[in-house]
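# Descriptive structure summary
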Amino acid sequence: LLAQIAFDFVEHPVDRFLRLRLLSEGVFPAPPADRATLVRRASLVLSGLPPTPAEVDAFLRDRSPKAFDSLIDRLLKSPHYGEHWARHWMDVVRFGETLGYEWNYEVLGAWRYRDYLVRAFNADVPFDRFLQEQVAGDLLPAAGDAERDHLLTATGFLALGVKDVNQRFK
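Below is a short write-up of the structure.

With that settled, consider the overall build of the chain. What the chain contains, in helices and strands, is nine helices and zero strands. In sequence order, the secondary structure elements of the chain are arranged as α-α-α-α-α-α-α-α-α. Sorting the 170 residues of the chain into buried and exposed places 26% on the buried side. A separation threshold of at least 6 residues defines the contact pool for the chain, and within that pool the share at least 24 residues apart is 50%.

Rendered as structure tokens:
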């Protein structure tokens, strides 16, 4: 019976595997979300912003089989997508516009690295390239001055974040 429940309404083998494991542990799926909930969840997850009433109405009126796909495509093309996901990366690298700690000096131009991140997420830069640009952008070949500036800005990853200048004296 559990195997049948695991295979109902699930198309991908990985999803079937996970569903079967959850069911064996007594965890049953929630009922499918209604369309208004779907548009709200998708918008919050991808852009970090709630949908406007007009966006909700447009999605509710669109009864085509590709309505959800179109919604996701639109959200991925939104500049808010890059802004939202760049925030997560800035948390990882401990981005700040000051050095923080006891030496709270402003980092002039830190916004350039933030904007680089937004552009990278919006351009769907492959993760390996994204990391290469930040760790060794100054060593990567550039086609021109604009790309050289882009790669140098990416290396802001190495300089930004909280600094404890007293650490070097311990």
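Attention now goes to the packing of helix H7 (residues 110-122) against helix H8 (residues 127-136). Contact pair H7 / H8: the axes reach a minimum separation of 11 Å and the direction vectors enclose 160°. It follows that H7 is roughly antiparallel to H8 by the angle criterion. The crossing of H7 and H8 is right-handed. Along its contact with H7, which presents Tyr113, Tyr116, Leu117, Ala120 and Phe121, the element H8 presents Phe130, Glu133 and Gln134. Grouping the constituent residues of the contact of H7 with H8 by class yields six nonpolar, one polar and one charged.

What follows is about the side chain of Ser47. Here Ser47 lies in helix H3 (residues 35-47). Classification of Ser47 as buried rests on a relative accessible area of 8%. A distance of 2.7 Å separates the side chain of Ser47 from the backbone oxygen of Ser43, its partner in a polar contact. A polar side-chain atom of Ser47 sits 3.1 Å from the main-chain amide nitrogen of Leu49. Ignoring any residue separated from it by four or fewer positions in sequence, one finds Ser47 in contact with Ala42, His80, Tyr81 and His84.

Of all hydrophobic cores here, the largest spans 15 residues; its most connected members are Trp89, Phe95, Tyr113, Tyr116, Leu117, Phe130 and Leu160. Counting residues per element, the ones that place at least two in this core are helix H6 (79-92) and H7. In terms of residue count, the dominant contributor to this core is H7 (six residues). Once you skip the residues sitting within four places of it in the chain, Trp89 turns out to touch Tyr113, Leu117, Phe121, Phe127, Phe130, Leu131, Gln134 and Phe157. Grouped together as the second largest cluster of nonpolar side chains are nine residues, Val39, Ala42, Val56 and Phe59 included.

What follows covers the pattern of salt bridges. Applying the stated rule across the entire model yields five salt bridges. Arg21 is paired through a salt bridge with Glu25; the nearest N and O atoms lie 3.4 Å apart. Note on accessibility: Arg21 and Glu25 belong to one class, exposed. Put simply, Arg129 and Glu133 hold a salt bridge, and the shortest N to O gap is 3.0 Å. Of this pair, Arg129 and Glu133 are both found in helix H8, four residues apart, which corresponds to roughly one turn of the helix.

This part takes up the packing of aromatic side chains. Applying the stated rule across the entire model yields eight aromatic pairs. The interplanar angle of 65° and the centroid separation of 6.4 Å between the aromatic rings of Phe59 and Phe68 together place this pair among those described as edge-to-face. Judged by its relative accessible area of 5%, Phe59 falls in the buried class. Here Phe68 falls in the partly exposed class, since its relative accessible area comes to 35%. Arranged with centres 5.1 Å apart and planes meeting at 65°, the rings of Trp89 and Phe130 form a pair that is edge-to-face. A residue pair is termed long-range when its members are at least 10 positions apart, and Trp89 in helix H6 and Phe130 in helix H8 qualify at 41 residues. Judged by its relative accessible area of 4%, Phe130 falls in the buried class. These aromatic residues form a ring-pair network of at least three members: Trp89, Phe95, Tyr113, Tyr116, Phe121, Phe127 and Phe130. In this structure, Arg35 is placed above the aromatic ring of Phe59, and the distance from its NZ or CZ to the ring centre is 4.3 Å.

What counts as what
- Residues numbered from 1 in each chain as written.
- Predicted model: local features only at pLDDT ≥ 70, side-chain atom pairs only at ≥ 80, totals over all residues.
- Heavy atoms only, no water.
- Helix = DSSP H or I, 4+ residues; strand = E, 2+ residues; numbered from the N terminus.
- Buried < 20%, exposed > 50% of the residue type's maximum accessible area, 1.4 Å probe, protein only.
- Contact = heavy atoms within 4.5 Å.
- Axes fitted to C-alpha atoms, helices over the stretch in contact; angles between N-to-C directions.
- Parallel < 35°, antiparallel > 145°, perpendicular 65-115°, else oblique.
- Left-handed = near helix turned anticlockwise from the far one by under 90°.
- Nonpolar A, V, L, I, M, F, W, Y, C, P; charged D, E, K, R; others polar.
- Polar contact = N/O pair within 3.5 Å; in protein donor to acceptor, adjacent residues only side chain to side chain.
- Core = buried A, V, L, I, M, F, W, Y, C linked by side-chain atoms within 4.5 Å.
- Salt bridge = Lys/Arg side-chain N within 4 Å of Asp/Glu carboxyl O.
- Phe/Tyr/Trp six-rings, centres within 6.5 Å; stacked < 30°, edge-to-face > 60°.
- Lys NZ or Arg CZ within 6 Å of the ring centre and 35° of its normal.

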